[in-house]
Each structure stands twice: as structure tokens, then as C-alpha cells.
Amino acid sequence: MSHHNNLKSNTRSIASLLLVMVLIPMLSVQIFAATEAEEIAKAAKIIGPLKYDNNCSSCHALEAEAWKQTTHFATFKSRGRTPQAKAILEKMGQRSMKSAGACRQCHYTSKLKGTRLKSAWGISCESCHSPASDWFDVHNKQGGDPTAKAMEMGTGKDQPAESKQKRIAAAQKMGMIHSAMIYDIASNCFSCHTVPNEEMVNKGGHHAGSDFDLVAWSQGEIRHNFLDTAATAAPKNRKSSPNQLRRLYVIGAMVDLETTLKNITIVTAKGGVFHKAMVARANKIRDKVQAILDAQPIEELAAAISDVPKTIDESTAIDAALPEKLKAASLAFLKKHDGSTLTAIDALLPAEKDYKGTAHQQ
Ligand code: HEC
Ligand code: HEC
Ligand code: HEC
Ligand code: HEC
């Protein structure tokens, strides 16, 4: 490599380091729209779900098959052509969903083509597990040692707990969001699904958020729990355990409330469609959390929830510290509870028939 190239690549790596430093606080909670530079830094770390060398599906074929049955996958080609999309784009003064940064960030996964962003897939593995180039080479190696031999899919469950823990911890340190990180997973879902983009809702007429329950929405078409049986002749898409479902339910409600209140703090047009929708959502979700606490007192959540105004209307100012307090409560809850003592909330959980879409089976 020539001197000149070295210099250039050093400058480039310093520039990307700076970008990464800016991005770190945004990776798990990507609530507010990213700038193009931030999108580029993220796209540079995308491996992609399909097609290229080292992509997720080259090892995770079962998960990729399940993902291909989802709305997240399927709307990549079709959504931009619908009359609803065209109407929103026109009001926003934009030409296409793939070229408009705001649409692109929520609806697609982009990679870099040279120095330019290219939307390449729908909402994909790395939208939920985080961009992978830093972590993917340790997440599948025993003990998290990048020089170790790659593991066979489905053998992780047979390894000593310590080796598995080291591997997952190493990947987490490099930015991976794995299945035990329920708070981060939920933050990701709600950062898109509450649609925290006031202008797009008020001016563009975009939906002001999904009617989203984390259990119902993650256990239908989204579910892809194949690891337990991946190494057998008959892999199955395992149902999440009752303990995991309880934790998902509580954290789903808590993060919904946190995100919705945060959205209220960014309102600029009081009484606008976005503001009204977030106020209605906040009251509804506050009641949902309260119903959980009524069924089963949960010490870690009680204090933070008692700080949430009993009724929220368009004149209610939300203290900017409140969402942070709710986050701390959620994390304390997860640390304390493996779900096994929360049987009293089972009656609140959505029934299987209400799951969103159908889980893919092999
Ligand atoms: C903050 C995330 C976010 C952004 C930004 C965003 N969308 Fe969406 N969009 C969503 C979600 C979530 C849904 C699914 C809503 C639901 O639950 O039905 C959706 C659904 C849609 C739909 C389907 C609506 C229907 O009636 O079925 C269209 C069309 C759409 N978006 C267009 C756009 C366009 C155009 C842009 C850019 C101007 C955009 N979106 C930006 C998150 C977003
Ligand atoms: C070279 C093969 C390989 C590639 C490529 C790969 N993985 Fe993995 N992945 C593995 C193996 C092996 C495991 C551990 C399997 C086990 O526990 O039995 C794993 C485990 C995982 C887990 C489970 C972690 C947990 O919570 O226990 C997730 C999530 C994951 N991979 C996501 C991805 C994503 C997303 C991509 C693409 C960006 C990807 N992987 C690419 C081989 C790979
Ligand atoms: C990067 C943004 C983003 C993230 C993260 C995200 N979603 Fe979505 N999701 C969307 C968008 C956008 C749509 C609507 C796509 C369309 O219809 O064009 C959608 C659609 C869905 C649908 C189909 C809804 C229907 O009407 O049938 C389900 C189910 C879903 N998401 C569940 C989840 C879950 C569960 C998570 C978190 C584990 C999650 N999503 C994370 C953006 C996201
Ligand atoms: C909408 C968000 C979302 C997308 C997209 C997504 N995942 Fe996941 N993934 C999750 C969630 C949530 C869990 C934990 C589910 C649970 O415990 O019930 C999970 C769990 C996993 C696991 C562990 C499963 C097990 O058996 O324990 C693997 C491996 C994995 N994902 C890989 C992938 C790969 C590969 C892709 C893309 C082909 C992908 N994921 C796409 C959200 C997502």
C-alpha cells in the first residue's frame, strides 16, 4: 500500500471513528431521525441478510427463510408504489421512499454503493440485531475468540455456560443486540413503530404509530427461534418460553410508555395530529402498565410509574427526565426478574390467536 493510500485510509478511519462516537448513543435507541452522515456510518457496517459473502443467511438459513415470510421483507418492493406512499411523498415534497432519508431509515436497510446509500432490503436482521460488521466475527466463535474455529449452528446450547457467556458478552461489547437484551430489542421496535416523526404525521399524513404489543407482534410472523433444533434433522421454530413472554410483555409496555412520553417532549405543533395521537397513546399505555402492577406489584417499576401524570392531555408538560427514569426502572426490572414469579400477569398476555401474522414452520 502506498504512503498516500495509508494517509488516506488513516484519515478515513479517523473520520469513521468520529462518526461512530456520534453514533454510539443512537445505536440501541435510534429514536430521532438520523442525518445522512449517520446513515452512511451505519450502512458501512451492514453485512446484509441475503446474497453476499458472509451475509446472515449463509449461516442462518432457517431464520432467513422465516424472515422472508414477514411484512418487513415483503414490502421492500411493493410499499413505495402504493397510492398511500405516493400521497405521503407528495405532501412531503419527496420523490421516492428509497431516496427520502426519513422513509429509508424506517422502511429499509441500506448498504453502501461506493460512497452512496442504497436501500437494498426491507427491515432486516441488522435493523433489530444492529449492524454487524464489528460483531459478527466473534458472535459465532467459542468464547468470543475471533481466531477460534467457527461454531456449527445449533451447538451453542451444548457449550459450557461460561464459554457461551463470554461469546455473547464479546459480541454485545462490539454492538450486537442479542435475544437476552430485551430492553434494547424493544427500544428498536418502538423507535420505528411509534413513528416519532411529527412532520411526517402532521404534514405527510403518515400513520401516527402502530397498535403494537411486543408479545403479539414478536411471536407471530416475526418469530424465528430455531437455534435449539438447528443441528437436528427436523428444526422447529420454538415458541418463546412463558418466562420470556412475561418479560417481553412488561418491557414492551414500559418501553412503549417511555418512547411515547419522549415523543411528547419533542412536539412542536401543540394539538396537531401527532401530539393528539401521542397523548392518547400515553394514556392507553399508562393504563396497560397500571394493569400489570395491579395484577402483580413490581417494586422496580412502581416509583417511576407513580411519577407519570395520572391523566395526560394536550396541556401536560412531560419532564424530560421522566423517560430516562422509566428506562432505569425497566433495566432494574430485567436484572431482578427472570419471569418465573410473574405468573399473576399471565391473564393479561395476548392469546396466540391474536398474534400478528403466522410463525413460519420448517
Ligand atoms: C419512524 C419510522 C417511519 C418513518 C420515518 C416512515 N415510516 Fe412509513 N411506516 C412506519 C410503520 C411502523 C408503519 C406500519 C404502520 C402500521 O402499523 O400499520 C408504516 C407504514 C407505512 C405505509 C402503509 C400505510 C398503510 O396505510 O398501510 C406507508 C404508505 C408508509 N409507511 C409510507 C412512508 C413514507 C412515504 C415515508 C417517508 C416520507 C415513511 N413511511 C416514513 C414507520 C415509518
Ligand atoms: C459464519 C456463520 C455466521 C454468520 C455469517 C452469522 N452468524 Fe449469527 N450465529 C452463528 C452461530 C454459529 C451462532 C451460535 C449458534 C448456536 O448458539 O447454536 C450464531 C448466533 C446468532 C444469534 C443468537 C445470539 C443469542 O442471542 O444467543 C443471533 C441473534 C445471530 N447469530 C444473528 C446474526 C446476524 C444478524 C447475522 C448477519 C449480520 C449473523 N448472525 C451472521 C453463525 C453465523
Ligand atoms: C427500522 C424500523 C423498524 C423496526 C426496528 C421494527 N419494525 Fe416492524 N415494521 C416497520 C415498518 C416500516 C413496517 C410496515 C412495513 C409496510 O407495511 O410497508 C413494520 C411492520 C411490522 C409488522 C407487520 C404489521 C402488519 O400490519 O401486519 C410486524 C408484526 C412488526 N413490524 C413487528 C416488529 C417487531 C416485533 C419489532 C421489534 C422486535 C419490529 N417490528 C421492529 C419498521 C420497523
Ligand atoms: C423485527 C426484528 C428482528 C428481525 C428483523 C430479526 N430478528 Fe432475530 N430476533 C429478534 C427477537 C425479538 C429475538 C428474540 C425472540 C424471543 O426470544 O422470543 C430474536 C432472536 C434471534 C435469534 C435467536 C433465536 C433462538 O433460537 O434463540 C437468532 C439466531 C436471530 N434472531 C437471528 C436473526 C437473523 C439471522 C435475522 C435475519 C434473517 C433476524 N434475526 C431478523 C428480532 C429480530
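A quick note: this is a predicted structure, and the numbers were derived from the prediction, not measured.

Comments concerning the overall build of the chain
In terms of helices and strands, the chain carries 16 helices and 2 strands. Scaling as 2.2 N^0.38, a compact globule of 362 residues should have a C-alpha radius of gyration of about 21 Å, and the chain matches this with 21 Å. Principal-axis analysis of the C-alpha atoms gives the chain an extent of 65 × 50 × 35 Å. Every one of the 362 residues in the chain was classed for burial, and the buried ones make up 35%. Long-range contacts, defined here as pairs at least 24 residues apart, represent 69% of the contacts in the chain between residues at least 6 apart.

Things to note about the pairing of strand S2 (residues 116–121)
In the sheet, strand S1 (residues 109–113) pairs with S2 via 5 bridges, with the strands oriented antiparallel. Bridging from a neighbouring strand, Ser110 pairs with Ser119 of S2. With antiparallel pairing between neighbouring strands as the criterion, S1 and S2 make up a hairpin whose turn holds 2 residues, including Gly114 at a positive phi of roughly 65°.

A short note on the domain arrangement of the chain
With domains assigned, the chain is organised as domain 1 (30–133), domain 2 (135–174) and domain 3 (179–362). Domain 2 and domain 3 are separated by 29 Å when their C-alpha centres are compared. Listed as interface residues are 6 residues of domain 2 and, on the opposing side, 5 residues of domain 3. For the side of domain 2 that touches domain 3, the class distribution of residues is 1 nonpolar, 3 polar and 2 charged.

A short note on the site of ligand 2
Residues in close proximity to ligand 2 total 23 residues, the closest being Cys56, Cys59, Ala132, Gly156 and His178. Broken down by secondary-structure element, the contributors of at least two residues to the shell around ligand 2 are helix H7 (125–129) and helix H8 (136–139). The element best represented in the shell around ligand 2 is H7, accounting for 3 residues. When grouped by side-chain class, the residues that make up the shell around ligand 2 number 11 nonpolar, 11 polar and 1 charged.

So, the site of ligand 4
Surrounding ligand 4, one finds 24 residues, the nearest of these being His60, Cys125, Cys128, Leu227 and Ser240. Broken down by element, the residue count for the shell around ligand 4 peaks at 4 residues, all from H7. Considered class by class, the residues forming the shell around ligand 4 number 11 nonpolar, 11 polar and 2 charged. Taken domain by domain, the makeup of the shell around ligand 4 includes at least three residues from each of domain 1 (30–133) and domain 3 (179–362).

Some points on the nonpolar core
Of all hydrophobic cores here, the largest spans 49 residues; its most connected members are Ala186, Leu214, Ile251, Ala253, Met254, Leu257 and Ala282. At the level of elements, H8, helix H10 (182–193), helix H11 (198–202), helix H12 (214–218), helix H13 (242–265), helix H14 (273–295), helix H15 (299–306) and helix H16 (321–336) are the ones that each hand at least two residues to this core. Of the domains in this structure, domain 2 (135–174) and domain 3 (179–362) are the two that each give at least three residues to this core. Apart from residues lying up to four places away in sequence, Leu214 is in contact with Ala186, Cys189, Leu248, Tyr249, Ile251 and Gly252.

Here's the deal with the environment of Phe333
Here Phe333 is to be found in helix H16. For Phe333, a count of 21 C-beta atoms within 10 Å translates into the label buried. Counting along the chain gives 75 residues from Phe333 to Glu258, while the straight-line C-alpha distance between them is 14 Å.

Some remarks on the environment of Tyr52
By secondary structure assignment, the location of Tyr52 is in the loop between helix H2 (36–43) and helix H3 (61–67). Considered as a pair, Tyr52 and Ala282 are 230 residues apart in the sequence and their alpha carbons are 42 Å apart.

Section: the packing of H10 against H13
With their axes 9 Å apart at the nearest point, H10 and H13 run at an angle of 50° to one another. Here H10 lies oblique to H13, going by the angle between them. Judged by the sense of rotation from one axis to the other, the crossing of H10 with H13 is right-handed. Contact with H10, carried on its side by Ile182, Tyr183, Ala186, Ser187, Phe190 and Ser191, involves Arg247, Leu248, Ile251, Gly252, Val255, Asp256 and Thr259 of H13 and no other residues of that element.

Concerning helix H9 (residues 161–173)
Because each turn of an α-helix spans 3.6 residues, side chains separated by three or four positions end up pointing in the same direction. Between the first and last C-alpha of H9 there are 18 Å, a value that for 13 residues agrees with the 18 Å anticipated at 1.5 Å per step. With its phi angle positive at about 110°, Gly175 sits one or two positions after the end of H9.

Examining unusual backbone geometry
Most peptide bonds are trans, and most residues other than glycine sit at a negative phi. Phi angles above zero are rare outside glycine, and Lys51 is one such case at about 80°. Considering the arrangement of structural elements, one finds Lys51 in the loop between H2 and H3.

Definitions and cut-offs
- Residues numbered from 1 in each chain as written.
- Chains lettered and ligands numbered in written order.
- Predicted model: local features only at pLDDT ≥ 70, side-chain atom pairs only at ≥ 80, totals over all residues.
- Helix = DSSP H or I, 4+ residues; strand = E, 2+ residues; numbered from the N terminus.
- Rg over C-alpha atoms; globule rule 2.2 N^0.38 Å.
- Buried ≥ 20, exposed ≤ 12 C-beta atoms within 10 Å, placed from the backbone.
- Contact = placed C-beta atoms within 7 Å.
- Pairing = 2+ DSSP bridges.
- Domains from an automatic or database assignment.
- Nonpolar A, V, L, I, M, F, W, Y, C, P; charged D, E, K, R; others polar.
- Near = placed C-beta within 6 Å.
- Core = buried A, V, L, I, M, F, W, Y, C linked by C-beta atoms within 7 Å.
- Axes fitted to C-alpha atoms, helices over the stretch in contact; angles between N-to-C directions.
- Parallel < 35°, antiparallel > 145°, perpendicular 65-115°, else oblique.
- Left-handed = near helix turned anticlockwise from the far one by under 90°.
- Expected span 1.5 Å × (residues − 1).

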